[in-house]
Amino acid sequence: MLADFFEYLKMDFAMRALVVGFLLSICAALLGVCLVPKRYSMIGDGLSHVGFGALAVASALNAAPLAVALPVVIVASFCLLRLRESGKIKGDSAIAMVSAGALAIGIMIVSLSGSNTDLNGYMFGSLLSVSKSDFWTALIIFPAVILIFAVFYTQIFAVSHDENFARATGVKAGFYNTLLSVLVAVTIVMGMRLMGTLLISALVIFPAVSAMRVCRSYFATVLTAVVVSVVSFLAGMIISFSFSSPIGASIVVCNIGSLFIMSAVGAVKKKSLRKRA
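All values derive from a computational prediction rather than experimental measurement.

1. Examining helix 13 (residues 247-276)
Compared with an ideal rise of 1.5 Å per residue, which puts 30 residues at 44 Å, helix 13 spans 43 Å between its outermost C-alpha atoms and is within 8% of the ideal. Turning to helix 13, its buried residues are Ile247, Gly248, Ser250, Ile251, Val252, Cys254, Asn255, Ser258, Leu259, Met262 and Gly266.

2. Section: unusual backbone geometry
Residue Ser244 is not a glycine yet carries a positive backbone phi of 55°. Along the chain, Ser244 turns up in the loop between helix 12 (218-243) and helix 13.

3. Some words on the side chain of Ser250
Within the secondary structure, Ser250 sits in helix 13. Looking at Ser250, its side chain comes within polar contact range of the main-chain oxygen of Pro246, at 2.9 Å. Setting aside chain neighbours within four positions, we find Ser250 in contact with Gly236, Ile239, Ser240 and Ser245.

4. Side note on the state of the cysteines
Throughout this description, disulfide means a covalent bond between two cysteine sulfur atoms. Evaluated as defined, the whole model comprises 0 disulfides. Of all cysteine sulfurs in the structure, the one in Cys34 sits closest to Cys27, which takes part in no disulfide; the separation is 12 Å. Relative accessible area serves as the criterion here: at 0%, Cys27 is assigned to the buried category.

5. Section: the packing of aromatic side chains
On inspection of all chains with the given rule, the structure shows 7 aromatic pairs. For the ring pair Tyr153 and Tyr218, a centre distance of 5.4 Å and an interplane angle of 40° mean the geometry is tilted. Here Tyr153, found in helix 8 (residues 153-161), pairs with Tyr218, found in helix 12; they are 65 residues apart in sequence, far enough to count as distant. Classification of Tyr153 by relative accessible area gives partly exposed; the value is 25%. Taken together, the aromatic side chains of Phe149, Tyr153, Phe157 and Tyr218 make up a single cluster linked through ring pairs.

Procedures and definitions
- Along each chain, residue indices are assigned from 1 in the same order as the chain's sequence is written.
- The model is predicted, so local features are restricted to residues of pLDDT at least 70 and side-chain atom pairs to those at 80 or more, both for listing and for counting; the totals for chains, interfaces and linings are taken over all residues.
- With hydrogens and water set aside, each side-chain value is computed from the structure's full complement of heavy atoms.
- A run of H or I in DSSP counts as a helix once it spans at least four residues, and a run of E counts as a strand once it spans at least two, with each numbered from the N terminus.
- Expected span of a helix: the number of residues minus one, times 1.5 Å.
- For the exposure calls, accessible area comes from a 1.4 Å probe over protein chains only, and a residue counts as buried if that area is under 20% of its type's maximum, exposed if over 50%, partly exposed in between.
- Counted as a polar contact is a pair of N or O atoms within 3.5 Å, where, for protein atoms, one must be capable of donating a hydrogen and the other of accepting one, and residues adjacent in sequence contribute only when both atoms are in side chains.
- Note on contacts: a residue pair qualifies if any of its non-hydrogen atoms lie within 4.5 Å across the two residues.
- Any two cysteine sulfur atoms within 2.5 Å of one another count as a disulfide.
- Aromatic contacts are taken between Phe, Tyr and Trp rings whose centres are within 6.5 Å, Trp giving its six-membered ring; a plane angle under 30 degrees counts as stacked, one over 60 as edge-to-face, and the others as tilted.

Keep in mind these numbers describe shape, not what the thing actually does.
This is how it looks when you write it as structure tokens:
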């Protein structure tokens, strides 16, 4: 199976998907570790649906997908952040409304425009959807996301885990919340072509939750989440190739398996610590 898979990687589209998926897995895991403690992890789901609506508009207008989707999703992330901070609409309610509304608008536009957009590919992801332009854009954007996260590691940690304390100590929480929103928006838009609109948020949530089952320190959680995300992606890609299954669904299934394994390891670890105590 692995020998056939390596032969498969000699094709350009498969290698593009491998590189983009590898970088996407790292970025999604880093952001997930920040979003899950803030109880704002479902923002990825809402933004992916906004991205779908924007891609539908781009398809109807024969415009460049990323040129339309990226600014729209970034603006949507700002709006969701402002709604959350204002307290007028709870964060989960705002995300649910934006998510359902954008998805409905996107489907209506695709249906009425009569375009040949592959809805199945947009919904569930496709190896073939990663074009050369997507590949080169990802090679620029994803390393930039990783670099920004590394540079502002301490501040992002403070805002993610105790925003009120961070504000009290002089951290500009508003700026770092905005920065985090932009990073999430960019990662979602770049990843939804590969993972699909309905499944991209899973790549943000599962690795972070899995890592939190066994790790106590923030740094260990970040590293473990990245490892879990990358391994799940590679396993999912192999499964997708071997069984001709949608790549997004295959990766999510592997992430579910990782969560069960990490939960079992965490339970054994807690049990052994109780015995020592």
